[in-house]
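# Commentary on secondary and tertiary structure
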Amino acid sequence: MPEHEHPVADELIAKYWPHPDYSKDRVASALDTAAELLRFVNHALVNNSAGALPHVQDVQDAAYRLKLISSRMAQPAEILAQRLLRMTDEDPTLYATEGNANTHTHAAAGDLARASARATDTSETFDAAFNRLGRVGHRFPDEE
């Protein structure tokens, strides 16, 4: 993978989300940051896809990174689903403004479990694209 002039993820995590400070505010901050970084990528590709990803290998590299992102989304989605089910069984303070709280939490847990499965499928699809692009290259004038 190419070197970057910007801080690498490990440096950012150590500075802004140090282990083991796993508070709800830090989790929310990390998720917000991840979403905003993906928004940056969207804008970069919409406004300058040829400059941001000039070669097939650059698209392959992006597919690899998207594979990592989507594969890492599966576990938190599954954990959230399990957390909701435990809360339903253990938290007597839950209530619903409409209907039954347990009905809503169980349905949301099912949604999150499906999201986990879809994240895994998405990761596998990005991985397939990455592997296919490994068979493609560019001929540059100085190589002919």
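Residues numbered from 1 in each chain as written. Predicted model: local features only at pLDDT ≥ 70, side-chain atom pairs only at ≥ 80, totals over all residues. Heavy atoms only, no water.

## Section: the overall build of the protein chain
- The number of helices and strands found in the protein chain is four helices and zero strands.
- Secondary structure elements of the protein chain occur, N-terminal to C-terminal, as α-α-α-α.
- Relative to the globule expectation of 15 Å for 144 residues, the C-alpha radius of gyration of the protein chain, 20 Å, shows a markedly less compact shape.
- By its C-alpha atoms, the protein chain is 70 × 35 × 25 Å across when sized along the principal axes.
- Every one of the 144 residues in the protein chain was classed for burial, and the buried ones make up 12%.
- For the protein chain, restricting intrachain contacts to residue pairs at least 6 apart in sequence, the fraction spanning at least 24 positions comes to 68%.
- For the protein chain, the accessible area works out to roughly 11,200 Å², and carbon and sulfur atoms hold 57% of it.
- With 14 positive and 22 negative side-chain charges, the protein chain shows a spacing of 2 Å between the two charge centroids. (Helix = DSSP H or I, 4+ residues; strand = E, 2+ residues; numbered from the N terminus. Rg over C-alpha atoms; globule rule 2.2 N^0.38 Å. Buried < 20%, exposed > 50% of the residue type's maximum accessible area, 1.4 Å probe, protein only. Contact = heavy atoms within 4.5 Å. Areas by Shrake-Rupley, 256 points an atom, 1.4 Å probe, with all protein chains shown as cover. Lys, Arg positive; Asp, Glu negative; His and termini not counted. Charge placed at Lys NZ, Arg CZ, Asp CG, Glu CD.)

## Some thoughts on the environment of Gly51
- The residue Gly51 is located in helix H2 (residues 24-52) in this model.
- Taking relative accessible area as the criterion, Gly51 reaches 45% and is therefore assigned partly exposed.
- Spatially, the C-alpha atom of Gly51 lies 40 Å from that of Ala81, the residues being 30 residues apart in sequence.

## Observations concerning the pattern of salt bridges
- According to the stated counting rule, one finds four salt bridges in the structure shown.
- With a closest N to O distance of 2.0 Å, Arg65 and Asp61 form a salt bridge. Here Arg65 and its partner Asp61 are both found in helix H3 (residues 56-90), four residues apart, which amounts to about one turn of the helix.
- Accessibility expressed as a relative area gives 17% for Asp61, which makes it buried. (Salt bridge = Lys/Arg side-chain N within 4 Å of Asp/Glu carboxyl O.)

## Observations concerning the confidence of the model for the protein chain
- On average, the protein chain scores 94 in pLDDT, and the residues at 70 or more come to 96%.
- Across the protein chain, helix H4 (residues 101-133) holds the top mean pLDDT of 98, while helix H1 (residues 9-16) sits lowest at 91. (pLDDT = per-residue confidence, 0-100.)

## Focus: the packing of aromatic side chains
- In the structure shown here, the tally under the stated rule is two aromatic pairs.
- Here Tyr64 and Phe130 contribute two aromatic rings whose centre-to-centre distance is 5.3 Å and whose plane-to-plane angle is 50°, an arrangement assigned as tilted. Linking Tyr64 in helix H3 with Phe130 in helix H4, this pair joins segments that are 66 residues apart in sequence. (Phe/Tyr/Trp six-rings, centres within 6.5 Å; stacked < 30°, edge-to-face > 60°.)

## Here's the deal with the environment of Phe140
- By the secondary structure assignment, Phe140 is in the segment after H4.
- Measuring from C-alpha to C-alpha, the distance between Phe140 and Val59 comes to 17 Å, with 81 residues separating the pair along the chain.

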